[in-house]
Amino acid sequence: MKILGIESSCDETGVALVHAEATGTPTLLAHALHSQVEMHEAYGGVVPELASRDHIRRVLPLARQVLQVAGATLADVDQIAYTRGPGLAGALLVGAGVACALAAALGRPVVGVHHLEGHLLSPFLSSDPPEFPFIALLVSGGHTQLMRVDDVGHYLLLGETIDDAAGEAFDKSAKLLGLGYPGGPALARLAEFGDASTFTLPRPLLHSGNLDFSFAGLKTSVRTQFMKLGSNVCEQDRAHLAASTQEAIVDVLVRKSVQALRETGLRRIVVAGGVGANARLRERLNSECAKRQFRVHYPELALCTDNGAMIALAAAMRWQRGAPAQADHAFNVLPRWPLATA
Ligand code: KG4
Ligand code: ZN
């Protein structure tokens, strides 16, 4: 079974080809990605209309590239998967439209995949794949959630952010510090030169007793500290503030993850989504989990942020469990779509 996956929910166009047998972990044959970061940089964030137009330009050339690298043709594709949601409506419609048109032309079935399901299953394509059940820490630009995952399609939400997502906290703090978009990687790079203990920043909801997060207050504290430093702030102080900000975000994510493992009695955690690429998060989580003999799994670094491989993979794992593909090639995207109902 060969599945072509198309991701277009936000500012990355991703296409991939995955091979699956009836059982066993599916394998990635090829994937290609075009990031729109440079295009949106000038605006300090994603411009939805520009994102949609760029997906239209990129998706077919990327599909051609993937098939060529995999040594396959469209005739070899057995199923086409696309990101149905959540995400930007116009951007989602590009992937959905192309997927359904291709599937109709080829006479193949099509499936709409939940973007977050793709993220949380993405570590199955790594050299150290997890086993069910596990806790998933989903940390992206739009979501911060802790879930209990018993199998594909069996997701229980344990806690989530009540305001900003972890990625948003990185991005907004980075903007305050005068760093570009997306701010997460830029803030992480600057943080390497700083001392995280320099500034005391809040850890909201750390002792709330539940597994929810709140990051909206953090940017206010970062702003206050940055204002105090004045207009001729030196590079070293910016680095200290970046390191302190990163530590505040990472600290809450790590402690709540350990709490989720403890409360559920599970011994395995999967980290997925763009913020999962953060080196300090990985370092802290690895050491806290090693102390308690918990296993941590990550996607390959290239598959942490949005990509087509995770969409093809999720469709493949659903197919292995007998989930039906769509009966027709009509499509409707779901910009807001709770994972529990996927
Ligand atoms: O999963 P993703 O690619 O897109 C969404 O579905 O949102 O996540 C993007 C988010 C952005 O907020 C970006 O700043 C953050 O992930 N990010 C990072 C790092 N790499 C990406 N945040 C912190 N450190 C990183 N190394
Ligand atoms: Zn994502």
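For clarity, every value in this text was computed on a predicted model and none was experimentally measured.

## Considerations on the layout of surface pockets
Summary: where empty space remains is shown by rolling a probe the size of a single water molecule over the atoms.
Consideration 1: Space inside the second largest pocket adds up to approximately 250 Å³.
Consideration 2: Along the walls of the second largest pocket sit 16 residues, with Val111, Gly112, Val113, Arg318 and Pro324 positioned nearest its centre.
Consideration 3: Those elements that place two or more of their residues in the lining of the second largest pocket are strand 4 (79-85), strand 5 (110-114) and helix 10 (309-320).
Consideration 4: It is strand 5 that contributes the most residues to the lining of the second largest pocket, four residues altogether.
Consideration 5: Taken together, the residues of the lining of the second largest pocket break down into nine nonpolar, four polar and three charged.

## Describing the domain arrangement of the protein chain
Consideration 1: Here the protein chain is described as being made up of domain 1 (2-121 + 303-341) and domain 2 (130-298).
Consideration 2: Here domain 1 and domain 2 have C-alpha centroids that lie 27 Å from each other.
Consideration 3: Listed per partner, the contact involves 20 residues of domain 1 and 22 residues of domain 2.
Consideration 4: In total, about 1700 Å² of surface goes out of reach between domain 1 and domain 2, with carbon and sulfur atoms giving 71% of it.
Consideration 5: When the buried area of domain 1 at its contact with domain 2 is split by residue, Leu116, Leu120 and Cys304 rank highest and sum to 35% of it.
Consideration 6: Across the pair Arg321 and Asp151 runs a salt bridge whose closest N-O atoms are separated by 3.0 Å.
Consideration 7: For the pair domain 1 and domain 2, the interface holds five residue pairs in polar contact (both at pLDDT 80 or more).
Consideration 8: Looking at the side of domain 1 that touches domain 2, the elements that each hand over two or more residues are helix 1 (37-41), helix 4 (115-121) and helix 10.
Consideration 9: In terms of residue count, helix 4 provides more of the side of domain 1 that touches domain 2 than any other element does, five residues in total.
Consideration 10: Looking at the side of domain 1 that touches domain 2, its residues break down into ten nonpolar, five polar and five charged.

Conventions we followed
Residues numbered from 1 in each chain as written. Chains lettered and ligands numbered in written order. Predicted model: local features only at pLDDT ≥ 70, side-chain atom pairs only at ≥ 80, totals over all residues. Heavy atoms only, no water. 1 Å grid on protein atoms, 1.4 Å probe; cavity = no way out; pocket = protein on both sides within 12 Å on 5 of 7 lines; lining within 4 Å. Points joined across faces, edges and corners; volume = space filled by probe spheres on them. Helix = DSSP H or I, 4+ residues; strand = E, 2+ residues; numbered from the N terminus. Nonpolar A, V, L, I, M, F, W, Y, C, P; charged D, E, K, R; others polar. Domains from an automatic or database assignment. Contact = heavy atoms within 4.5 Å. Buried area = accessible area lost by both parts, 1.4 Å probe. Salt bridge = Lys/Arg side-chain N within 4 Å of Asp/Glu carboxyl O. Polar contact = N/O pair within 3.5 Å; in protein donor to acceptor, adjacent residues only side chain to side chain.

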